[in-house]
Every structure is written in C-alpha cells, then in structure tokens.
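Below are the chains, spelled out letter by letter.
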Amino acid sequence: MRSWLGGLFAAGGVLAVAAAWWGTWEGRSGGRMAVAELLGRPVTLCLTAVALFLAAVAVLGRSGGRWPVTLLWVGMLGALACAPALFHGGSGRTVAHHEAAPGGADRALRVLRQGDFGMEAESQGWFVELEDGSGWSARRWQVYGQIGKWAGEGVFKAAGWDGPDRIVITTDTGVLVYDVSGGAPALLSGTPA
C-alpha cells in the first residue's frame, strides 16, 4: 500500500514538472494562449512537484529500500529542471490596452506595460501582442517589444488597427506597419526598435 501511494505522489510530481514546462513553452510567441494561461504558473507547479516528491520520499522511507533515495534524487532533478521556468515566469506586465480587430476578425491587439507610469520613459517596457483565434487553438504572437528607450530612440507611443489584417505601431521616431493576415505578424514597413 505504501509503495503504491509513494508511486502516486512521485507520478504527481513528474506531472507537475511536465505541466510547468508545457505552460512555459506555450508562453512563447505563437504559443497556445489557453494552455499558457492555464499552466503558465511555473513557481506554483514546481513547488507542488517538490512537495509531492518529498511526500513520496516520506511515505516510501518508512518501508525502507532504495526507492526513497532514488525518488529524492529524481525530485531534486525535477526541481532543477524547473529552475529556468522559475526565472521565466512573473513578467510584471500589465495590460494597458486591449482592442478587437475591426470587421469581425477573430483577433485582438493587446498592449502590455512593464514598469510604473511614474517611472521615466527609458525605464518602462512596452509590448504589443496579437491574439489570433478562439478556444484551445487560439495563439498569441509577440508583435513588438521595447525596453528602456530614450526620447529620439523610438519610444513607444501607441498601437492600433489599420484594418482587420494590419497593426500600426507609433513611436517617437516613426511608424511600424505589420501584416497579420497569415497569423504570424510580418513587418511591412518601418524599422523595428
């Protein structure tokens, strides 16, 4: 009975590590939004994995044998495998603007701000994302990102739609136009920051 329960805890730990990695992977540009939002909690999932591995060691440790030591090493490796996901999560970005595409297209534009409004412009980060599709197949694409620009270097000003397939991003040095008709954003004109 103890070996079955310990194995169940260990399997849960493995699943938590796998879920953390999958959520982080889907958080990339072009990843599935629903999966990234559901599993994009690497800190919580990795801490859950460590707790499950420790529970497995505690349960199996009472029965003796090599399983507890082996699971302890597997748990430590699982925690180490989560380390990159821990540093990748928690961007501190807030949604500053969200706008649906005109003409009934199943797309939305999202502008994210990193940093406080009270901070100098060169300390802020601005990111523009495209949400394309709906349900489990919906994807999120990173269109534009800017951190720490000074006036005259392309400080982000605004982003919006210029039709159902075009995104226009305005900076203090010019305008960038992206075509999103093929799903992934493609720069049509302007020079990205």
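In this report, the structure presented in the accompanying data block is examined. (Residues numbered from 1 in each chain as written. Predicted model: local features only at pLDDT ≥ 70, side-chain atom pairs only at ≥ 80, totals over all residues. Heavy atoms only, no water.)

Inspection of the secondary structure puts E129 in strand β4 (residues 125-132). The buried category is assigned to E129, whose relative accessible area is 7%. Among all residues touching E129, those that are not within four sequence positions of it are A108, L109, R110, L112, R140, W141, Q142 and V143. (Helix = DSSP H or I, 4+ residues; strand = E, 2+ residues; numbered from the N terminus. Buried < 20%, exposed > 50% of the residue type's maximum accessible area, 1.4 Å probe, protein only. Contact = heavy atoms within 4.5 Å.)

With that settled, consider the environment of D106. Relative to the elements of secondary structure, D106 occurs in the loop between β2 (93-100) and β3 (107-114). Using a relative accessible area of 44% as the deciding quantity, one classes D106 as partly exposed. Ignoring anything within four residues of it in the chain, the contact list for D106 reads E131, D132, G133 and S134. Among the polar contacts made by the side chain of D106, one reaches the side chain of S134 at a distance of 3.3 Å. (Polar contact = N/O pair within 3.5 Å; in protein donor to acceptor, adjacent residues only side chain to side chain.)

Next up on the list: the packing of aromatic side chains. Following the criterion strictly, the structure yields 2 aromatic pairs and no others. Consider the rings of W126 and F156, whose centres lie 5.1 Å apart with planes at 25°: the pair is stacked. With W126 in strand β4 and F156 in strand β6 (residues 156-161), this residue pair connects regions lying 30 residues apart in the sequence. Ring geometry for Y144 against F156: centres 6.1 Å apart, planes inclined by 35°, an arrangement best described as tilted. Here Y144, found in strand β5 (residues 139-147), pairs with F156, found in strand β6; they are 12 residues apart in sequence, far enough to count as distant. Overall, the relative accessible area of 5% leaves Y144 in the buried class. (Phe/Tyr/Trp six-rings, centres within 6.5 Å; stacked < 30°, edge-to-face > 60°.)

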